Amino acid sequence: MKTVALKERSVKPVKAGFFMLFRMAFCVAAIALAIAYAAPELVQRQIDRMGATEGEDETARPISVSSAQSTTSKPILNGWDRRHVMNADTSGHYRDTFRLNGKPLQAMIDTGATHVAINQSMARQLGLQLIPADFSQEVQTANGVALVALSTLHSVEIGPIRRENVPVVVMPDRALTTPLIGMSFLGQLKFQMSAGTLELQG
């Protein structure tokens, strides 16, 4: 009798546990059926998402337009892509507004001049600091021999063309009234005269 009683006590917990698992499974199934009945579209969406995730190939994923587009950089202009065309005036000279040290001045092209040339008043306007002792070089001008000073312009520009550290001759005011653009600037460019026009490249 003791042995039988022990067997009966050991069986009851097993039956109780099985019954609890059955009740839990039934409850889960009931909840799932309720969700499927109440929101069938939600269930179908979840099934489709799971299927797409399982069959997805990493290499087949679409790439966003922004990441797929290649960035094309703007072409870098070299010195000879910058051009400026000047027209001859009625006297056959080429005059235009140049920017010397950033200051616009009406100047004339002179291919026979070794340097860009300005007078003392212009030099002061352009910020060149000169003393009387700097005027030690003799040059022949239309008005005779004159003492000039050698200096450097930070920049000379015409249209899109720019050159820096350009040698300049500073002359007395009486010897020069219009700035001359000589070969210290022109020699750094390509230029061609034809049919009353002067094309500068640089």
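Per an unreviewed UniProt entry, the recorded name for the chain is TIGR02281 family clan AA aspartic protease, and the organism is Notoacmeibacter ruber.

A word on the side chain of Glu-157
Secondary-structure assignment places Glu-157 in strand S6 (residues 144-158). With a relative accessible area of 14%, Glu-157 lands in the buried category. Polar side-chain contacts of Glu-157 include one of 3.1 Å to the side chain of Arg-162. Leaving out residues up to four positions away in the same chain, Glu-157 has contacts with Phe-98, Arg-99, Gly-102 and Arg-162.

Quick look at the packing of aromatic side chains
Evaluated as defined, the whole model comprises one aromatic pair. Ring geometry for Phe-98 against Phe-185: centres 6.3 Å apart, planes inclined by 85°, an arrangement best described as edge-to-face. Of this pair, Phe-98 sits in strand S2 (residues 95-100) while Phe-185 sits in helix H5 (residues 183-186), placing them 87 residues apart in sequence. Per residue, the accessibility class of Phe-98 equals that of Phe-185, and both read buried.

Digging into the side chain of Ser-184
Relative to the assigned elements, Ser-184 resides in helix H5. Residue Ser-184 is classed as buried on the basis of its relative accessible area of 11%. From its side chain, Ser-184 meets the backbone nitrogen of Val-116 in a polar contact 2.9 Å long. If we skip the residues at most four places from it in the chain, Ser-184 touches Thr-114, His-115, Val-116, Val-166 and Pro-167.

Let's talk about the sheet that holds strand S1 (residues 83-87)
Pairing is antiparallel in the open sheet, where three strands are placed in the order S1-S10-S9. In this open sheet, the two edge strands, each paired with only one partner strand, are S1 and strand S9 (190-194). Strand-to-strand twist of the sheet, defined as the mean angle between neighbouring strand axes without regard to direction, takes the value 15°. The sheet contact formed by S1 and strand S10 (residues 197-201) spans five bridges and is antiparallel. Bridge pairing in S10 links Met-86 to Leu-198.

Concerning unusual backbone geometry
Although it is not a glycine, Asn-165 sits at a positive phi angle of roughly 55°. When you line up the elements, Asn-165 lands in strand S7 (residues 161-171). Relative accessible area serves as the criterion here: at 56%, Asn-165 is assigned to the exposed category. Not every positive phi belongs to a glycine, and Ala-195 is a case in point at roughly 50°. A residue is classified by how much of its surface remains accessible, and Ala-195, at 83% relative accessible area, is exposed.

Thoughts on the environment of Lys-103
Within the secondary structure, Lys-103 sits in strand S3 (residues 103-109). For Lys-103, a relative accessible area of 32% puts it in the partly exposed group. In this structure the C-alpha to C-alpha distance between Lys-103 and Val-156, which are 53 residues apart in sequence, comes to 9.3 Å. Aside from chain neighbours lying at most four places away, what touches Lys-103 is Phe-98, Gln-125 and Leu-126.

About the cut-offs
Residues numbered from 1 in each chain as written. Predicted model: local features only at pLDDT ≥ 70, side-chain atom pairs only at ≥ 80, totals over all residues. Heavy atoms only, no water. Helix = DSSP H or I, 4+ residues; strand = E, 2+ residues; numbered from the N terminus. Buried < 20%, exposed > 50% of the residue type's maximum accessible area, 1.4 Å probe, protein only. Polar contact = N/O pair within 3.5 Å; in protein donor to acceptor, adjacent residues only side chain to side chain. Contact = heavy atoms within 4.5 Å. Phe/Tyr/Trp six-rings, centres within 6.5 Å; stacked < 30°, edge-to-face > 60°. Pairing = 2+ DSSP bridges. Axes fitted to C-alpha atoms, helices over the stretch in contact; angles between N-to-C directions.

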